[in-house]
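Overview (structure and organization)
As a plain string of letters, each chain reads:
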Amino acid sequence: MHELAITESIVDAIVEKIGDGPVAAVRLEIGRLSGVVTDSIRFCFGIVAVGTGLDGARLDIDEPPGRAYCRDCRREFALDDPIMLCDCGSADLDILAGQELRIVSVEVR
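What counts and how
Residues numbered from 1 in each chain as written. Predicted model: local features only at pLDDT ≥ 70, side-chain atom pairs only at ≥ 80, totals over all residues. Heavy atoms only, no water. Pairing = 2+ DSSP bridges. Helix = DSSP H or I, 4+ residues; strand = E, 2+ residues; numbered from the N terminus. Axes fitted to C-alpha atoms, helices over the stretch in contact; angles between N-to-C directions. Contact = heavy atoms within 4.5 Å. Buried < 20%, exposed > 50% of the residue type's maximum accessible area, 1.4 Å probe, protein only. Polar contact = N/O pair within 3.5 Å; in protein donor to acceptor, adjacent residues only side chain to side chain. UniProt positions renumbered as here; feature names shortened; annotations may be inferred.

**Observations concerning the sheet that holds strand β1 (residues 23-30)**
Ordered in space as β2-β1-β6, the three strands form an open sheet in which the pairing is mixed. The sheet is open, and its two edges are formed by β2 (58-62) and β6 (101-108), each paired on a single side. Here the strands of the sheet are splayed against their neighbours by 20° on average, with no regard to which way each runs. Of the strand pairs in this sheet, β1 and β2 are connected by five bridges, and their pairing is parallel. Residue pairing in the sheet places V26 in a bridge with L59 of β2. On the sheet, helix α1 (residues 2-18) packs against β1 and β6 and is oriented at approximately 45° with respect to β6. Here helix α2 (residues 38-48) sits on the sheet and contacts β1 and β2; the angle it forms with β2, its principal contact strand, is near 165°.

Here it is in structure tokens:
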């Protein structure tokens, strides 16, 4: 379960930036094509945050949809399936969105 390691890294990065001050909320952006299970991040956050300033903080997760550009048919389209194929059958794609994994904001109490 790599979500535990990801969540530990998120908490560590926030604590490194703001110290152990009390945090009210954290907003993450985790794209639907990132391969990260957001429910697992939510579960792990409650465990990993214990004993830090993030203990009890609200966790908000935005899940932007995937977008891709097909190099063969030159079409941009929505892509939320981990099987990355264009309707034309090509797998020669540029992924434009949906692989994000970032801390968007931290609200300090």
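**Some points on the side chain of S90**
Along the polypeptide, S90 turns up in the loop between β4 (76-78) and β5 (93-97). When its relative accessible area of 7% is taken as the criterion, S90 is described as buried. For S90, the side chain forms a polar contact with the side chain of D72, separated by 2.6 Å. Looking at S90, its side chain comes within polar contact range of the main-chain nitrogen of D92, at 3.0 Å. Once residues lying within four places of it in the same chain are set aside, the contact partners of S90 are C70, D72, M84 and L85.

**Observations regarding the sheet that holds strand β3 (residues 67-70)**
One open sheet holds the three strands; their spatial order is β4-β3-β5, and the pairing between them is antiparallel. With partners counted over all chains shown, the strands left at the sheet margins are β4 and β5, one partner each. Across the sheet, the axes of successive neighbouring strands diverge by a mean angle of 30°, strand direction being ignored. Two strands pair when backbone bridges link them, and β3 and β4 are joined in this way by three bridges, in the antiparallel orientation. Across the sheet, residue A68 finds its bridge partner in β4, namely F77.

**Considerations on unusual backbone geometry**
Apart from glycine, the bulk of residues carry a negative phi angle, and the bulk of peptide bonds sit in the trans form. With a phi close to 60°, R74 is a non-glycine residue in the positive phi region. Structurally, R74 is set in the loop between β3 and β4. The exposure class of R74 is exposed, given its relative accessible area of 64%.

**Notes on the UniProt feature "binding site: Zn(2+)" (unreviewed entry) in the chain**
According to UniProt, the feature "binding site: Zn(2+)" (unreviewed entry) maps to C70, C73, C86 and C88 in the numbering used here. The largest pairwise C-alpha distance within this set of annotated residues, which runs over 19 residues, is 8.7 Å, so the set is compact in three dimensions. When near neighbours in sequence (up to four residues on either side) are disregarded, C70 contacts R75, F77, C86, C88, S90, D92 and L93. Here C73 shows up in the loop between β3 and β4. If we ignore the near neighbours within four places in the chain, the residues touching C73 are C86 and C88.

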